[in-house]
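Letter by letter, the chains look like this.
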Amino acid sequence: MGFRTILVHVDTGPSAPKRLKLSADLAARFEAHLVGLYVRRPFQAPAFTDAGPAMDSLYRTYESAVQADEAAAMAAFGTTGPLKAWRVADGPAEQVVAAHARYADLVIVGQAEPDAAAEATPPDLAEAVAMAGERPTLIVPHIGAAKPPGRTVMLCWNGTREAARAATGALPFLKKADKVVILLVDPEDEPGGAGVHVAAWLARHGVTAVVKRDTAGGADIGEIILSRAADQDADLIVMGLYGHSRMREWVMGGASRTLLASMTVPLLVAH
């Protein structure tokens, strides 16, 4: 089992070059085919504008800007390596990337850019793709990654469906890792329970892992995860993503919300 097709969302935000470099490195490591996807944002006419010359001018401006962005994105992706393909699609980015993710083994998106322009990539793209894409999603911090992800991996485990899906999706990383740490925060089982079971499951896949247990003591679990990841010098955090969608508003659980906002290393999630 491995990543044979990796899909990366390509835009023209300031963090895109770092995301593309990381994607190309992972594609080379796993000998995977890298697919770049650029999504043309839909034209949105101002509500106060009547049809006619003014609308034509607005649409020409929009089309010119989109074409320039697409050309810049394609040029940036063109430097990533030999095994690659380029796709362009129209529509809401959240829906388009989630749909294309279903034809890949891993999808790579960026953390929301701080102070992004209104016409930029939607700030909830990472959450939307992870919740709806049915594939493991690697979210790259907008500051980039200090080192290639996957050498020291922290797997956050609580025995839930989401954690199991994330662990399964991360198996190619876990098998290649030099060190895997299984973190359990406030585990409800007896000592030697869930942590031992997941470590044994990983061992049958050739993954040697150590189990670390911690207590929240009322603190934010997301902050604890980030702190322990720093303690272990982890370069990748794996966890289940918790939340739901209501009227296109993403409502995330506490730990998920904290990590998505304050991530310091790439985060591999599944829902």
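Further up the page is the structure itself.
Fair warning: this is a prediction, and the values are worked out from it, not measured in the lab. What you see as residue numbers is a count from 1 along each chain, following the sequence as written. In keeping with the model being predicted, local features are shown solely for residues with a pLDDT of at least 70 and side-chain atom pairs are shown and tallied solely at 80 or more, while totals for entire chains, interfaces and linings include all residues. The side-chain quantities take in all heavy atoms of the structure and omit both hydrogens and water.

### Some details on the overall build of the chain
Point 1. A run of H or I in DSSP counts as a helix once it spans at least four residues, and a run of E counts as a strand once it spans at least two, with each numbered from the N terminus. Within the chain, the secondary structure is distributed over nine helices and 12 strands.
Point 2. Residue burial is assigned from relative accessible area. The probe radius is 1.4 Å, only protein chains are included, and a residue is buried under 20% of its type maximum, exposed over 50%, and partly exposed in between. Burial statistics for the chain: of 271 residues in total, 47% are counted as buried.
Point 3. For the chain, the accessible surface area stands at approximately 13,000 Å², while carbon and sulfur atoms represent 54% of it. Throughout, the Shrake-Rupley method with a 1.4 Å probe supplies accessible areas, and for residues the shown protein chains are the sole cover considered.

### Re the nonpolar core
Point 1. Grouping buried Ala, Val, Leu, Ile, Met, Phe, Trp, Tyr and Cys residues that are joined through side-chain atoms within 4.5 Å yields what is termed a nonpolar core. By size, the foremost hydrophobic cluster in this structure holds 43 residues, and its most contacted members are I6, I108, L138, F173 and I182.
Point 2. If you tally residues by element for this core, the top one is helix α1 (residues 16–30), at five residues.
Point 3. In contact with I108, other than residues within four places in its own chain, are I6, L7, V8, H9, R19, L22, S23, L26, L138 and V140.
Point 4. Counting 39 residues, the second largest nonpolar core, distinct from the first, contains L7, L125, A130 and C156. By definition, residues are in contact when any of their heavy atoms lie within 4.5 Å.

### Some remarks on the layout of surface pockets
Point 1. Using a grid of 1 Å spacing that covers the protein atoms alone, one calls a set of points a cavity when a 1.4 Å probe fits there but cannot get out, and a pocket when the set is open and has protein on both sides within 12 Å along at least five of seven lines; lining residues are those with an atom within 4 Å of a point. Grid points are joined across faces, edges and corners, and a volume is the space filled by probe spheres set on the points. Here the second largest pocket is characterised by a volume of approximately 240 Å³.
Point 2. Around the second largest pocket, the lining residues are C156, W157, N158, L183, L184, V185, I221, I225, M239, G240, Y242 and A255.
Point 3. If you list the elements that add at least two residues to the lining of the second largest pocket, you get β7 (179–185), α8 (221–231) and β9 (236–240).
Point 4. Gly counts as polar in this scheme, as do all residues outside two lists: the nonpolar Ala, Val, Leu, Ile, Met, Phe, Trp, Tyr, Cys and Pro, and the charged Asp, Glu, Lys and Arg. Of the residues contributing to the lining of the second largest pocket, the split by class is 10 nonpolar, two polar and no charged.

### Quick look at the packing of helix α3 (residues 93–101) against helix α4 (residues 125–132)
Point 1. All axes here are fitted lines through C-alpha atoms, helices being fitted over the stretch that makes contact, and every angle between N-to-C directions spans 0 to 180 degrees. Two numbers describe how α3 lies on α4: the axes approach to 9 Å, and their chain directions differ by 40°. The angle between the axes of α3 and α4 places the two elements in the oblique class. Handedness of the α3/α4 crossing: right-handed. Seen from α3, the contacting residues are A93, E94, V97 and A98; seen from α4, they are L125, A128, V129 and A132. Geometric relationships in this document are graded by angle, where less than 35 degrees denotes roughly parallel, more than 145 denotes roughly antiparallel, 65 to 115 denotes roughly perpendicular, and other angles denote oblique. Whether a crossing is left-handed or right-handed is set by the direction in which the near helix is turned from the far one by less than a right angle, anticlockwise for left-handed and clockwise for right-handed.

### Digging into empty space enclosed by the protein
Point 1. A full pass over the atoms with the stated rule returns one cavity of 30 Å³ or more.
Point 2. One number sums up the size of the largest cavity: a volume of about 50 Å³.
Point 3. What lines the largest cavity is A130, M131, E134, R135, R165, A270 and H271.

### Focus on the sheet that holds β9
Point 1. Two strands pair if DSSP finds at least two bridges between them. With mixed pairing, 10 strands are arranged side by side in an open sheet as β3-β2-β1-β4-β5-β12-β9-β6-β7-β8. The open sheet is flanked by β3 (84–90) and β8 (209–214), the only strands paired with a single partner. Across the sheet, the axes of successive neighbouring strands diverge by a mean angle of 25°, strand direction being ignored.
Point 2. In the sheet, β9 pairs with strand β12 (residues 267–270) via four bridges, with the strands oriented parallel. Bridging across to β12, I237 finds its partner in L267.
Point 3. Helix α5 (residues 161–169) contacts β6 (152–156), β9 and β12 of the sheet and is inclined by roughly 140° relative to β9.

### Considering the environment of V269
Point 1. Take V269: it is sitting in strand β12.
Point 2. Distance in space between the C-alpha atoms of V269 and E127 is 9.3 Å, their sequence separation being 142 residues.
Point 3. With residues near it in sequence (within four places) discarded, V269 still touches A130, R135, P136, T137, I139, M239 and L241.

### Comments concerning the packing of aromatic side chains
Point 1. Geometry of aromatic contacts follows a simple scheme: Phe, Tyr and Trp rings, the Trp one being its six-membered ring, pair when their centres are within 6.5 Å, and the pair is stacked under 30 degrees between planes, edge-to-face over 60, tilted otherwise. According to the stated counting rule, one finds four aromatic pairs in the structure shown.
Point 2. Ring centres 5.4 Å apart and planes at 85° place the aromatic pair F30 and F173 in the edge-to-face group. Residue F30 is located in helix α1, and its partner F173 is located in helix α6 (residues 171–176); the two are separated by 143 residues in the primary sequence. Across the pair, exposure class does not vary: F30 and F173 are buried alike.
Point 3. An aromatic cluster is defined as three or more aromatic residues linked by ring pairs; in this entry it consists of F3, F30 and F173.

### Points about the pairing of strand β1 (residues 5–9)
Point 1. Of all the five residues making up β1, four are buried; the element is thus mostly covered by neighbouring parts of the structure.
Point 2. Both β1 and strand β2 (residues 33–40) contribute to a ladder of five bridges, which runs parallel. Across the sheet, the residue bridging to T5 is H33, located in β2.
Point 3. By definition, the crossover connecting two strands over a helix is right-handed if that path, from the first strand to the second, turns clockwise as seen with the strands pointing away from the viewer. Note that the unit made of β1, α1 and β2 has a crossover that is right-handed.
Point 4. Of the strand pairs in this sheet, β1 and strand β4 (residues 106–110) are connected by three bridges, and their pairing is parallel. Residue pairing across strands places I6 opposite L106, the latter belonging to β4.

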